[in-house]
Amino acid sequence: CRRPSDGAFLLVNEPAGLSGGRPRYWLPAGRVDRGESLEEAARRECFEEAGIEVRVVGVLRFMVDNMSAPNVMRVALLTEPVEGTDLEPKSVPDFESVGAMWAPVEALRQLEDSDYRSPDPPRLYPKVASGALQPEPIDAGEFRDLEALMRRMTAGERGAEAE
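Quick caveat, the model's predicted, so the values are computed rather than measured.

(A) Up close: the overall build of the chain. Along its length, the chain carries 3 helices and 5 strands. Each helix and strand of the chain, placed in order from N terminus to C terminus, yields the pattern β-β-α-β-β-β-α-α. For the chain, the spread of C-alpha atoms along the three principal axes comes to 45 × 35 × 30 Å. Buried residues in the chain amount to 41% of all 163 residues. Expressed as a percentage of contacts within the chain between residues at least 6 apart in sequence, the contacts between residues at least 24 apart total 62%. About 9400 Å² of surface is accessible on the chain, with carbon and sulfur atoms providing 51% of the total.

The following block contains the structure:
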């Protein structure tokens, strides 16, 4: 999630139980729930983990190279806060996160690799900030078709996996 007013990015401080034994930083993320689309999951996860209402701006990356979970597809979506909503990230720890914060891209360099749950924030955020990584629009027919398929698959619709 990128805040348009100053270009800061949202970092979630994930609890030790979710991030290998100690709290670590990551971007807001999670699984797609039953009957949910990628876009809906992104909005829900941002709110659950960071307390920020967002809209999806575009697709940054499709990733299927996860060696620890090779059957898992990950999709990085660029989001931004919904205009007129509270921009203060949550600060009360719960199961979803220890809290969240807005960080300028320069601040990411002050953290060690071991401070992150995964390398996604230091890999993706600087590229987005510099313009080297541009979001692909979500209103493209192909993405809408994928969203419809994801919703059918996560709802358990028969025949959706064969598509």
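Having seen the structure, we can now continue with the description.
(B) Structural detail: helix H3 (residues 141–154). With 14 residues, H3 should cover 20 Å at 1.5 Å per step; its first-to-last C-alpha distance of 20 Å lies within 8% of that length. Along H3, the residues that are buried comprise Phe143, Glu147, Leu149, Met150 and Thr154. Within H3, the buried residues cover an arc of 165° as seen down the axis, which keeps them to one side. Its buried side turned inward, H3 meets helix H1 (38–50), strand S3 (54–63) and strand S4 (74–81). Immediately beyond the C-terminal end of H3, within one or two residues, lies Gly156, with a positive phi of roughly 80°.

(C) Summary view of the side chain of Ser97. With respect to the element layout, Ser97 can be found in the loop between S4 and strand S5 (99–103). The exposure class of Ser97 is buried, given its relative accessible area of 0%. Separated by 3.4 Å, the side chain of Ser97 and the backbone nitrogen of Gly99 make a polar contact. Sequence-distant contacts of Ser97, that is, excluding residues within four places in its chain, are made with Val12, Asn13, Pro15, Glu49, Lys90 and Val92.

(D) Broad picture of the sheet that holds strand S1 (residues 9–14). Strand order in the open sheet made by the 3 strands is S2-S1-S5, with antiparallel pairing throughout. Across the chains shown, the open sheet's two edge strands, defined by having one partner strand only, are strand S2 (24–26) and S5. On average, each strand axis in the sheet is tilted by 35° relative to the strand beside it, whichever way the strands run. As paired elements, S1 and S2 share 3 bridges and run antiparallel to each other. Bridge pairing in S2 places Glu14 opposite Arg24. Lying on the sheet, H1 is in contact with S1 and S5; it crosses S1 at an angle near 60°.

(E) Layout of the layout of surface pockets. When its volume is computed, the largest pocket comes out at roughly 1400 Å³. Surrounding the largest pocket, 42 residues form its lining, Trp26, Ala29, Gly30, Arg31 and Arg74 being those nearest its centre. Within the residue set of the lining of the largest pocket, elements represented by two or more residues are H1, S3, S4, helix H2 (120–130) and H3.

(F) Here's a closer look at a nonpolar patch on the surface. On the surface, Phe62, Val64 and Met73 cluster together to form a nonpolar patch covering roughly 280 Å² of accessible area. As for its position among the elements, Val64 is in the loop between S3 and S4. Owing to a relative accessible area of 58%, Val64 belongs among the exposed residues under this scheme.

(G) A look at the packing of aromatic side chains. Summed over the entire model, instances satisfying the criterion amount to 1 aromatic pair. Here the aromatic rings of Phe9 and Tyr125 are separated by 4.2 Å at their centres, their planes lie at 15°, and the arrangement is stacked. Taken together, the residues Phe9 in strand S1 and Tyr125 in helix H2 connect sequence positions 116 residues apart. On the accessibility criterion, Tyr125 (5% relative accessible area) is buried.

Cut-offs used in this document
- Residues numbered from 1 in each chain as written.
- Predicted model: local features only at pLDDT ≥ 70, side-chain atom pairs only at ≥ 80, totals over all residues.
- Heavy atoms only, no water.
- Helix = DSSP H or I, 4+ residues; strand = E, 2+ residues; numbered from the N terminus.
- Buried < 20%, exposed > 50% of the residue type's maximum accessible area, 1.4 Å probe, protein only.
- Contact = heavy atoms within 4.5 Å.
- Areas by Shrake-Rupley, 256 points an atom, 1.4 Å probe, with all protein chains shown as cover.
- Expected span 1.5 Å × (residues − 1).
- Arc of directions from axis to C-beta.
- Polar contact = N/O pair within 3.5 Å; in protein donor to acceptor, adjacent residues only side chain to side chain.
- Pairing = 2+ DSSP bridges.
- Axes fitted to C-alpha atoms, helices over the stretch in contact; angles between N-to-C directions.
- 1 Å grid on protein atoms, 1.4 Å probe; cavity = no way out; pocket = protein on both sides within 12 Å on 5 of 7 lines; lining within 4 Å.
- Points joined across faces, edges and corners; volume = space filled by probe spheres on them.
- Patch = residues over 30% accessible without salt bridge, like charges linked within 9 Å, V, L, I, M, F, W, Y side chains within 5 Å.
- Salt bridge = Lys/Arg side-chain N within 4 Å of Asp/Glu carboxyl O.
- Phe/Tyr/Trp six-rings, centres within 6.5 Å; stacked < 30°, edge-to-face > 60°.

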